[in-house]
Amino acid sequence: MIKKIILSFLVIFSLNNCGYVPSYKNLNDTSFGINISNTIGNRDVNNLLILNLNNYLNVQRDKTFDIQISTILTKESIAKDSSGKTTDYQIKIKSTFNINFEGKGNTINLTETFDYKSIDDQFKQEKYENTIKENISKIMTQKLVSQLSRIK
């Protein structure tokens, strides 16, 4: 027990003295606004992304990003049983965010995949797929906001 406490103090003091700075220290600096000028691709995913970005939309701030969103959603069979029935699927969402800020263009490409087992009940499977899309769009939104907060 004492060894753990001593080790903890040594790690804290060594990190404090070596100039360590957390990578995501300034992520709370989200004082920017977003204007979405165009959306292309899967309507459901685009709507989920816009819904998640709602806190930043059309807000007048010092920094305002004009963004065009392009998404591609694919659902592929990745495993089948001996009768040829699909047992595993993969949902892949590719999003491209074309950003215009102060006359400068920037592109952020994000790709997220999720593998899951097939469900016999079609209604439950569609509901599960919608939940997957929502979760992936939240992850993409967090990554986009993180990238936008780093642009100066």
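Above this text you will find the structure in question.
Model, not experiment: these values are computed from the prediction.

**A few points about unusual backbone geometry**
Then comes step 1: Positive phi is not limited to glycine here, since Glu 102 has a value of about 55°.
Then comes step 2: Inspection of the secondary structure puts Glu 102 in the loop between strand S3 (86–101) and strand S4 (104–117).

**So, a nonpolar patch on the surface**
Then comes step 1: Residues Met 1, Ile 5, Phe 9, Ile 12 and Phe 13 make up a contiguous nonpolar surface patch of roughly 580 Å² in combined accessible area.
Then comes step 2: Mapped onto the fold, Phe 9 is located in helix H1 (residues 2–17).
Then comes step 3: On the accessibility criterion, Phe 9 (46% relative accessible area) is partly exposed.

**Here we look at the pattern of salt bridges**
Then comes step 1: A full pass over the atoms with the stated rule returns 4 salt bridges.
Then comes step 2: As a salt-bridge pair, Glu 129 and Lys 75 come within 2.6 Å of each other at their nearest N and O atoms. Here Lys 75 lies in strand S2 (residues 63–80) and Glu 129 lies in helix H3 (residues 122–150), a separation of 54 residues in the sequence.
Then comes step 3: Look at Lys 75 and you get partly exposed, because its relative accessible area is 41%.
Then comes step 4: Put simply, Asp 120 and Lys 85 hold a salt bridge, and the shortest N to O gap is 3.3 Å. On the criterion of sequence distance, the pair formed by Asp 120 in the loop between S4 and H3 and Lys 85 in the loop between S2 and S3 is long-range, its members being 35 residues apart.
Then comes step 5: For Asp 120, a relative accessible area of 69% gives the class exposed.

The rules we used
Residues numbered from 1 in each chain as written. Predicted model: local features only at pLDDT ≥ 70, side-chain atom pairs only at ≥ 80, totals over all residues. Heavy atoms only, no water. Helix = DSSP H or I, 4+ residues; strand = E, 2+ residues; numbered from the N terminus. Patch = residues over 30% accessible without salt bridge, like charges linked within 9 Å, V, L, I, M, F, W, Y side chains within 5 Å. Areas by Shrake-Rupley, 256 points an atom, 1.4 Å probe, with all protein chains shown as cover. Salt bridge = Lys/Arg side-chain N within 4 Å of Asp/Glu carboxyl O. Buried < 20%, exposed > 50% of the residue type's maximum accessible area, 1.4 Å probe, protein only.

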